[in-house]
Structure formats: C-alpha cells, structure tokens
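# Architecture at a glance
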Amino acid sequence: MQTPSDEAWNNFVMQSDPGAFAQDTSERAAAIANLFMGVTSNGGLSHFLESTYDLDAAETVDALHVVGAHGASSQLQEVISGLAIALPPMSQDDRWNALQEHWKGRLDDLDTLSSEAEDELMAALTRHVLEREAFYRQLGRS
C-alpha cells in the first residue's frame, strides 16, 4: 500500500481536531477516527467514551464507518448497544457517571479494539490522508 508523506501524515495525526471541521465532512470524520485510534490504543473503548464526553458516541460510530473502518465502527456500536443508553455530548461528570452505571462486566471483552479492526482503521486513515495529501501537507500552516 502506498503511504502519504511524513509531513501530511504528521499534520493529520497531530493537528486534526474534530472541532476545526464542519459537520458531515470527511475531514471531521477522519479527525474523529484519528482521535478514536489514539485514545483506544492507550486505554480502550471505555477510556475513549469517557474522555470524549464532548462528542456524541453515535457520531463516532458514523465517522468510523465513513472513513472505512467498519470493524471499529461495529465494535464501538456493540459497546454502545451493550450500554443501552445514548451518549450525546455531555459534561465530563455526566459521562463518567453514565459509564459507571451502565458499563457491565460483559462489555470488558469488547473494551480492546480487535487487531483486525485496528489494522483496518490504520489502513483507512492512511488511505484518507493519501487521497488528501495536499490538504494535510498545508494543515497547520498560517
């Protein structure tokens, strides 16, 4: 698989902020997927849901699907379904309390992203940046 330039990839990883992009754009979806990749790699899906209290969890499921990370999208949707509650943007305390109340032991097996889903996510994001190389090379320049 061809890869994007280091500059484009690094700009994407380090400077893609979901809040910087309009709703329903591929750049916002990719920024959310990038955030998902970083946070889940360091703490699992429960940590992602806890630390991204300002994002709607359903939007993350959609964003993962949009970029082509179907396995990650499905796994996150399975966790959300297991919680049996909606997780719209909310305060940090409200998100923490919701997860503490609804996270049941059976969800622990889904907390770590599968290696297949992780590989697919990385490939999808690589493809996204490669297709928008010029955009990401310029990201962050004043």
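Preceding this paragraph is the structure being described.
The structure contained in this document is the topic of the report that follows. (Residues numbered from 1 in each chain as written. Predicted model: local features only at pLDDT ≥ 70, side-chain atom pairs only at ≥ 80, totals over all residues. Heavy atoms only, no water.)

## Looking at the overall build of the protein chain
The helix and strand inventory of the protein chain stands at seven helices and zero strands. Along its sequence from the N terminus, the protein chain presents helices and strands in the succession α-α-α-α-α-α-α. A globule of 142 residues ought to have a C-alpha radius of gyration of about 14 Å, and the protein chain, at 15 Å, matches this closely. A total of 142 residues make up the protein chain; the buried ones form 44% of that total. For the protein chain, restricting intrachain contacts to residue pairs at least 6 apart in sequence, the fraction spanning at least 24 positions comes to 72%. For the protein chain, the distance from the average position of its 8 positive side-chain charges to the average position of its 23 negative side-chain charges is 4 Å. (Helix = DSSP H or I, 4+ residues; strand = E, 2+ residues; numbered from the N terminus. Rg over C-alpha atoms; globule rule 2.2 N^0.38 Å. Buried < 20%, exposed > 50% of the residue type's maximum accessible area, 1.4 Å probe, protein only. Contact = heavy atoms within 4.5 Å. Lys, Arg positive; Asp, Glu negative; His and termini not counted. Charge placed at Lys NZ, Arg CZ, Asp CG, Glu CD.)

## Digging into the packing of aromatic side chains
Tallied over the entire structure, the rule returns five aromatic pairs. Note on Trp-9 and Phe-12: the rings are 5.5 Å apart at their centroids and 50 degrees apart in plane angle, and the pair reads as tilted. Of the two residues, Trp-9 and Phe-12 are both situated in helix H1 (residues 6-15); the distance of three residues between them amounts to about one turn of the helix. Of the two residues, Trp-9 and Phe-12, neither departs from the other in class, the shared state being buried. Both rings, one in Phe-12 and one in Tyr-136, keep their centres 5.2 Å apart while their planes meet at 80 degrees; by these two values the pair is edge-to-face. Here the residue Phe-12 occupies a position in helix H1, and Tyr-136 occupies one in helix H7 (residues 133-138), the gap between them amounting to 124 residues. The burial state of Phe-12 is the same as that of Tyr-136; both residues are buried. Each member of the aromatic cluster is reached from another via a ring pair, and the members are Trp-9, Phe-12, Phe-21, Phe-135 and Tyr-136. (Phe/Tyr/Trp six-rings, centres within 6.5 Å; stacked < 30°, edge-to-face > 60°.)

## As for the environment of Leu-125
With respect to the helices and strands, the residue Leu-125 is situated in helix H6 (residues 115-131). Here Leu-125 is in contact with Trp-9, Phe-12, Ala-30, Ala-33, Asn-34, Met-37 and Val-67, once residues within four sequence places are set aside.

## Let's talk about the side chain of His-128
Relative to the helices and strands, His-128 resides in helix H6. Overall, the relative accessible area of 5% leaves His-128 in the buried class. Only 3.1 Å separates the side chain of His-128 from the side chain of Arg-132, close enough to count as a polar contact. When neighbours within four sequence positions are excluded, His-128 is seen to be in contact with Phe-12, Ser-26, Glu-27, Ala-30 and Tyr-136. (Polar contact = N/O pair within 3.5 Å; in protein donor to acceptor, adjacent residues only side chain to side chain.)

## Considerations on the packing of helix H2 (residues 26-51) against helix H4 (residues 70-83)
As a packed pair, H2 and H4 sit with axes 11 Å apart at the nearest point and diverge in direction by 15 degrees. By the criterion of interaxial angle, the relationship of H2 to H4 is roughly parallel. The hand of the H2/H4 crossing is left-handed. Counting all contacts with H2, which are made through Phe-36, Leu-45 and Leu-49, the residues of H4 involved are Ala-72, Gln-75, Leu-76, Val-79 and Leu-83. When the residues that make up the contact of H2 with H4 are grouped by side-chain class, the tally is seven nonpolar, one polar and no charged. (Axes fitted to C-alpha atoms, helices over the stretch in contact; angles between N-to-C directions. Parallel < 35°, antiparallel > 145°, perpendicular 65-115°, else oblique. Left-handed = near helix turned anticlockwise from the far one by under 90°. Nonpolar A, V, L, I, M, F, W, Y, C, P; charged D, E, K, R; others polar.)

## What to know about the nonpolar core
Grouped together as the largest cluster of nonpolar side chains are 41 residues, with contacts concentrated most on Phe-36, Leu-49, Leu-121 and Leu-125. Those elements that provide at least two residues to this core are H1, H2, helix H3 (57-67), H4, helix H5 (92-102) and H6. With eleven residues, the top contributor of residues to this core is H2. (Core = buried A, V, L, I, M, F, W, Y, C linked by side-chain atoms within 4.5 Å.)

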